[in-house]
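Examination of the molecular architecture
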Amino acid sequence: MFSSLLGMFSSDMAIDLGTANTLIYVNGRGIILNEPSVVALLEKGGRSRVVALGEEAKRMLGRTSGNLRAIRPMRDGVIADFEVAEEMIKHFIQKAHNRRSFVNPRVIICVPSGATPVERRAIQESALGAGARAAYLIEEPMAAAIGAKLPVTAPAGSMVVDIGGGTTEVAVLAMGKVAYSRSVRVGGDKMNEAIVAYIRRKHSLLVGEASAERIKEKIGSAATLDSGDEVTVQIRGRDLLDGVPKEIVVSQNDIAEALAEPVGQIVEAVRTTLESIPPELAADIVDTGLTLTGGGALLDNLDIVLNRKTKGLAVRVADDALTCVVLGTGKVLDDMETLSGVLSSGY
């Protein structure tokens, strides 16, 4: 009786602690928080104080000066600043609770498959320091596959490519385990940096990463198109030659050229995975194809490029690609008795 009451009030949480955004799923309520993983700090007298988090802090990125700075405590899918990350996690957990609960929650947090034991420990300790009574880990490709409704507990292999803000996770899963995984530190952030570098190199124009992200979302493409099919967009920045604001027009093929290197790294990770798995699993993937999840999965023509580079392997973009990881983690949270075996051993 007491344990059932405890479950009613615990508001257990699944957290996708991403480089770009943090999403929280609460048992019985679904996704109740989706905010940028950004913290604004005021530095004074050798100390830092948090003044804004999430959406409010993101608006400050690239616009702060003096003692005020906006940072991302997550880099490449793992914690880069332990103290700031703990403050961010604590804030998001408290915001998700909304004073509905008097019992600290159990928390499941996603980690990249390539995270080191030290990085895994930092994530768990941040969650415990933020008020969780227990913190479990699940590898991102497993969570993404569950969220994409792949049959991860079946004997036949399934393949998922999860492209987040900081990392791309490529994995083959079977019988509730990750049979093979590869994590490369390239994702949405590296794509934004590639666009900034390309525009600087080709047009002598300096744009911020926020502007690059908007360009990627509007006209980003993984492959060049016939000139009659491409679209263009106007962008503004600072002319590097004379230092004044300037506006130029870039095309979809320009952005495809800019993204050639990060897209190539994702393709190489997929090809390496296919070359590394046992023949039986490779035969399964021929039948089932591969599934793309994460924000990077929405890049135009990425599925076409992967299909071409894998000699015709079927490629599909998952429904709700942006939220697959947290939805999959939420499914584990809702059915811990059946799916607890997919959780990572932590450190």
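Let us look at the structure shown here. (Residues numbered from 1 in each chain as written. Predicted model: local features only at pLDDT ≥ 70, side-chain atom pairs only at ≥ 80, totals over all residues. Heavy atoms only, no water.)

For the rest of this paragraph, the subject is a nonpolar patch on the surface. A cluster of nonpolar side chains, namely L298, V317 and L322, defines an oily patch on the protein surface of about 260 Å² accessible area. By the secondary structure assignment, L322 is in the loop between β18 (315-317) and α12 (324-334). You can call L322 exposed: its relative accessible area is 54%. (Patch = residues over 30% accessible without salt bridge, like charges linked within 9 Å, V, L, I, M, F, W, Y side chains within 5 Å. Areas by Shrake-Rupley, 256 points an atom, 1.4 Å probe, with all protein chains shown as cover. Salt bridge = Lys/Arg side-chain N within 4 Å of Asp/Glu carboxyl O. Helix = DSSP H or I, 4+ residues; strand = E, 2+ residues; numbered from the N terminus. Buried < 20%, exposed > 50% of the residue type's maximum accessible area, 1.4 Å probe, protein only.)

Attention now goes to helix α4 (residues 117-129). Residues separated by three or four positions in an α-helix point in the same direction, a consequence of the helix having 3.6 residues per turn. Spanning 13 residues, α4 covers 18 Å between terminal C-alpha atoms, matching the ideal 18 Å at 1.5 Å per step. Looking one or two residues past α4, G131 carries a phi angle of roughly 115°, positive in sign. (Expected span 1.5 Å × (residues − 1).)

Turning our attention to the sheet that holds strand β9 (residues 106-111). Spatial strand order, β3-β2-β1-β9-β10: 5 strands in an open sheet with mixed pairing. Because the sheet does not close on itself, it has two edges, and the strands there are β3 (30-36) and β10 (134-139). In this sheet, adjacent strand axes meet at a mean angle of 20° when their direction is disregarded. Where β9 and β10 come together, 6 bridges link them in parallel fashion. Bridging across to β10, R106 finds its partner in A134. Sheet strands in contact with α4 are β9 and β10, and its direction is about 140° off that of β10. (Pairing = 2+ DSSP bridges. Axes fitted to C-alpha atoms, helices over the stretch in contact; angles between N-to-C directions. Contact = heavy atoms within 4.5 Å.)

This paragraph deals with the pairing of strand β17 (residues 290-293). Where burial is concerned, the two faces of β17 agree: the one with L290 and L292 and the one with T291 and T293 are both buried. Here 4 bridges tie strand β11 (residues 158-163) to β17, and the two strands are oriented parallel to one another. Within the sheet, the bridge partner assigned to V161 lies in β17 and is L292. The sheet contact formed by β17 and β18 spans 3 bridges and is parallel. Opposite T291, over in β18, you have R316 as the bridge partner. After leaving β17, the chain enters helix α11 (residues 302-309) and then returns to the sheet as β18, a path that is right-handed. (Right-handed = clockwise from strand over helix to strand, strands pointing away.)

Read from one edge of the open sheet, 3 strands run β14-β15-β16, paired in antiparallel fashion. Of all the strands in the sheet, just β14 (205-206) and β16 (245-251) have a single pairing partner and so form its edges. Pairing of β14 with strand β15 (residues 232-239), which is carried by 2 bridges, proceeds in the antiparallel orientation. When the bridges of β15 are listed, L205 appears paired with D239.

Scope: geometric values only; no functional claims are made or implied.
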